[in-house]
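Structural overview
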Amino acid sequence: MLSDLRPLAATVLACLIIYPAVSAKEYDAQSTVRMDAATAVGMALEKNFQIQVEQFSPLQADAALFTERGTFDPTLDFSYRRAEDSRAQQLDPRIPTSSSSELFITDTYEASVNALTPWGMTASVGLDTQNRRGTFNQFTPQYNTLARLQLTQPLLRGFGTDATMSQIRIARVGREIADEELRERIIDIVTRTLLVYNDLYFSYQNLAVAEQARNLAGQLVSDNTKRAEIGVMSPLDVTTARAQAAAREEDVITARRAVQDNENFLKQLVTDDIENFVDRRIVATEFPGLTPRRITSREAAAEALARRPDYQRALLTLKQQRIRVRFTRNQGLPRVDLVGSYGLNGLDSGFTDSLNRTFQDQNTDWNAGVVVSIPFPNRAGRGRVESARLEVARSLTDLRRLEQDIIVEVDNALGQIETTAQRIEATRISRVLAQEQLDAEEERLRAGSTTTFTLLEAQSDFAAARAAELRALTDHNNAILEFDRLTAATLQRQNVVFE
């Protein structure tokens, strides 16, 4: 699609020779920062607040993933309960009213380790001890100790990694999304920095053009004044030249303000200490000429779809939603759980003896069964599944919309590069012809065969032609930068490694 633009480098160099940058001697060396494009990019990567803010996203995603992985962390549980009950105790059977209350105290200690497995089984290993004693001496204290293993295995709801690993998988994909968001932010900031740098360089050159036009107008005022003094020119010509000189002074003021504005825009991007940087001047030391890649629109669109952070983020979001669909579908199933426990128990008057009996006497305590819970008609579960499916369908449609937008944006950006390249050649010819026209009008004025008004028009046309050529060069650079951004090639072109 692009034409051969190899002569462009020579054109750019010629324009830079014709339009030298503002000299650094105009600024105090103590308050001036001379900066090339690579330095501006480096400072932005290091100190830009937006990048610094976005760098927290991967760290937060790591923390979220770490949290979700805690789902499978075993828990160590302890509990203690105390119970008291009193019962009437007859002291002498011969005397019906001879009775008193006896107090029974029961202390229960439980300790267990509980864990969830990736396939949904929950396991608990524990040791329970119950100490029962009474206030009468004839009641011997009893320690009943139970070593137990309890298992619960879901067969439908809660079974498998779709139920237990879903949040971890979502968090893992979220970490990838955070990386893409950071990469997109870096690409945006690098592109914006270079765009502003280009505009700053253009504003310096445009200021030089405005100053030269003002100087030409001032010289014409001086020449016309001398001619009027010797009677070869009317006072009206002097007035006309002075009016044009005043207008050119306004152009200089406006151009100088544009320089200051672009300096501030660049400072905002490349520093995190604006208070100590705001009073310093920035001199753009180079024209960062960029060479467009020879690539077709179809190839560029394929690159963009393979590398653009926003598209990759959309794919990852769709992946998250599909994980949620599988989880939601599982949670909508009936609950059918196999439950069982096995234990060994021992009874004695002391804790140590009861613990020994637990493993020596082999007194078993076990149970097994099935727990079934069927919601009917399960509207909540079916509704959540349908909502999750619709969200996936919506994201797929939005993904197709994004693909279409990317293809159109890339093709337009590629066309813009070609258009700005053609503008450079057209404005160069216009500037050469305007220079010739100005030279001719100056000769005619000296010969008395033209008017001051015609010469002023020639000066104005020449200044406009020079500014248009500068704008075309800057727009061409900016078009290449925008194309790189849309195809996610910015970091590669600027030798920035994203880790």
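Above this text you will find the structure in question.
Read on for a plain summary of the structure. Predicted model, so just to flag it, every value in this text is computed and none were measured.

The next subject is the overall build of the protein chain. Regarding its fold elements, the protein chain presents 14 helices and eight strands. Within the protein chain, the fraction of its 499 residues that count as buried is 40%. Sequence separation of at least 24 residues holds for 78% of the intrachain contacts in the protein chain that already meet a minimum separation of 6. About 27400 Å² of surface is accessible on the protein chain, with carbon and sulfur atoms providing 54% of the total.

Tallied over the entire structure, the rule returns 35 salt bridges. E110 serves as the salt-bridge partner of R81, at 3.3 Å between the closest nitrogen and oxygen. On the criterion of sequence distance, the pair formed by R81 in strand β2 (residues 75-90) and E110 in strand β3 (residues 99-116) is long-range, its members being 29 residues apart. Exposure remark for E110: the relative accessible area of 25% places this residue in the partly exposed category. The structure contains a network of salt bridges with shared partners spanning R82, E84, D107 and R133.

The next subject is empty space enclosed by the protein. The rolling of a water-molecule-sized probe over the atoms marks out the regions of remaining empty space. Here the structure, examined in full by the defined rule, presents one cavity of 30 Å³ or more. In this structure, the largest cavity is lined by V209, Q212, A213, L216, Q459, F462, A463 and R466. The set of elements that each furnish at least two residues to the lining of the largest cavity consists of α6 (166-229) and α13 (452-486). A per-class count over the lining of the largest cavity returns five nonpolar, two polar and one charged.

Together, E46, D272, D273 and E275 make up a region of like negative charge exposed at the surface. With respect to the element layout, E46 can be found in helix α2 (residues 37-47).

This next bit is on unusual backbone geometry. Between F376 and P377 the backbone carries a cis peptide bond, its omega angle lying at 5°. Relative to the helices and strands, P377 resides in the loop between β8 (363-373) and α12 (379-447). With phi around 60°, A488 is a residue other than glycine that occupies positive phi space.

Turning our attention to the nonpolar core. In terms of nonpolar packing, the biggest core is built from 59 residues, with M35, L200, L266, V270, V410 and F483 touching the most fellow members. By residue number, the principal contributor to this core is α6, which donates 13 residues. L266 has contacts with M35, T193, V196, Y197, L200 and I282, leaving out every residue within four places of it along the chain. Counting 14 residues, the second-largest nonpolar core is a separate cluster that includes L220, A245, A434 and L438.

Time to look at the packing of α6 against α12. Between α6 and α12, whose axes approach to 12 Å, the crossing angle comes to 15°. In terms of orientation, α6 lies roughly parallel with respect to α12. Note that α6 runs across α12; the crossing there is left-handed. Residues L216, L220, N224 and R227 of α6 lie in contact with α12, whose contacting residues are L438, E442, L445 and R446. Grouping the amino acids of the contact of α6 with α12 by side-chain chemistry returns four nonpolar, one polar and three charged.

Right, let's get into a nonpolar patch on the surface. Together, L155, L156, L333, L338, V370, V372 and I374 give the surface a local cluster of nonpolar side chains, amounting to about 580 Å² of exposed area. Here I374 shows up in the loop between β8 and α12. Given the relative accessible area of 57%, I374 is considered exposed.

As defined by bridge partners, strand β5 (residues 142-154) adjoins strand β7 (residues 335-348) across twelve bridges and the pair is classed as antiparallel. Looking at the pairing, L149 lines up with Y342 of β7. The sheet contact formed by β7 and β8 spans eleven bridges and is antiparallel. Bridging from a neighbouring strand, G340 pairs with A368 of β8.

A few words on the layout of surface pockets. Of the volumes computed, that of the second largest pocket is approximately 200 Å³. In this structure, the second largest pocket is lined by 13 residues; those nearest its centre are N206, V209, A210, D251 and A467. Elements supplying a minimum of two residues to the lining of the second largest pocket: α6, α7 (235-270) and α13. If one sorts the elements of the lining of the second largest pocket by residue count, α7 sits on top with five residues. Class assignment of the residues belonging to the lining of the second largest pocket gives a composition of eight nonpolar, three polar and two charged.

Where α2 contacts α6, the axes come no closer than 9 Å and their chain directions differ by 145°. The two elements α2 and α6 meet at a crossing, and its hand is right-handed. Residues A37, A40, V41, A44 and L45 of α2 form the contact with α6, whose own contacting residues are I186, I189, V190, T193, L194 and Y197.

Our next topic: the environment of N478. Mapping N478 onto the fold places it in helix α13. In this structure, the C-alpha to C-alpha distance between N478 and D199, residues 279 residues apart in sequence, is 8.9 Å. Discounting residues that sit within four places of it in the chain, N478 has contacts with L195, N198, D199 and R471.

Residue position: A178 is located in helix α6. When the C-alpha atoms of A178 and R313 are compared, they prove to be 8.6 Å apart, with 135 residues separating the residues in sequence. For A178, the contacting residues outside a window of four places in its chain are S57, P58 and A61.

Tracing the backbone through its elements, the reader meets Q321 in helix α10 (residues 309-331). Exposure remark for Q321: the relative accessible area of 10% places this residue in the buried category. In contact with Q321, not counting residues within four places along its chain, are E391, V392 and S395.

Definitions and cut-offs
Residues numbered from 1 in each chain as written. Predicted model: local features only at pLDDT ≥ 70, side-chain atom pairs only at ≥ 80, totals over all residues. Heavy atoms only, no water. Helix = DSSP H or I, 4+ residues; strand = E, 2+ residues; numbered from the N terminus. Buried < 20%, exposed > 50% of the residue type's maximum accessible area, 1.4 Å probe, protein only. Contact = heavy atoms within 4.5 Å. Areas by Shrake-Rupley, 256 points an atom, 1.4 Å probe, with all protein chains shown as cover. Salt bridge = Lys/Arg side-chain N within 4 Å of Asp/Glu carboxyl O. 1 Å grid on protein atoms, 1.4 Å probe; cavity = no way out; pocket = protein on both sides within 12 Å on 5 of 7 lines; lining within 4 Å. Points joined across faces, edges and corners; volume = space filled by probe spheres on them. Nonpolar A, V, L, I, M, F, W, Y, C, P; charged D, E, K, R; others polar. Patch = residues over 30% accessible without salt bridge, like charges linked within 9 Å, V, L, I, M, F, W, Y side chains within 5 Å. Lys, Arg positive; Asp, Glu negative; His and termini not counted. Charge placed at Lys NZ, Arg CZ, Asp CG, Glu CD. Core = buried A, V, L, I, M, F, W, Y, C linked by side-chain atoms within 4.5 Å. Axes fitted to C-alpha atoms, helices over the stretch in contact; angles between N-to-C directions. Parallel < 35°, antiparallel > 145°, perpendicular 65-115°, else oblique. Left-handed = near helix turned anticlockwise from the far one by under 90°. Pairing = 2+ DSSP bridges.

Purely geometric stuff here, so don't read any function into it on its own.
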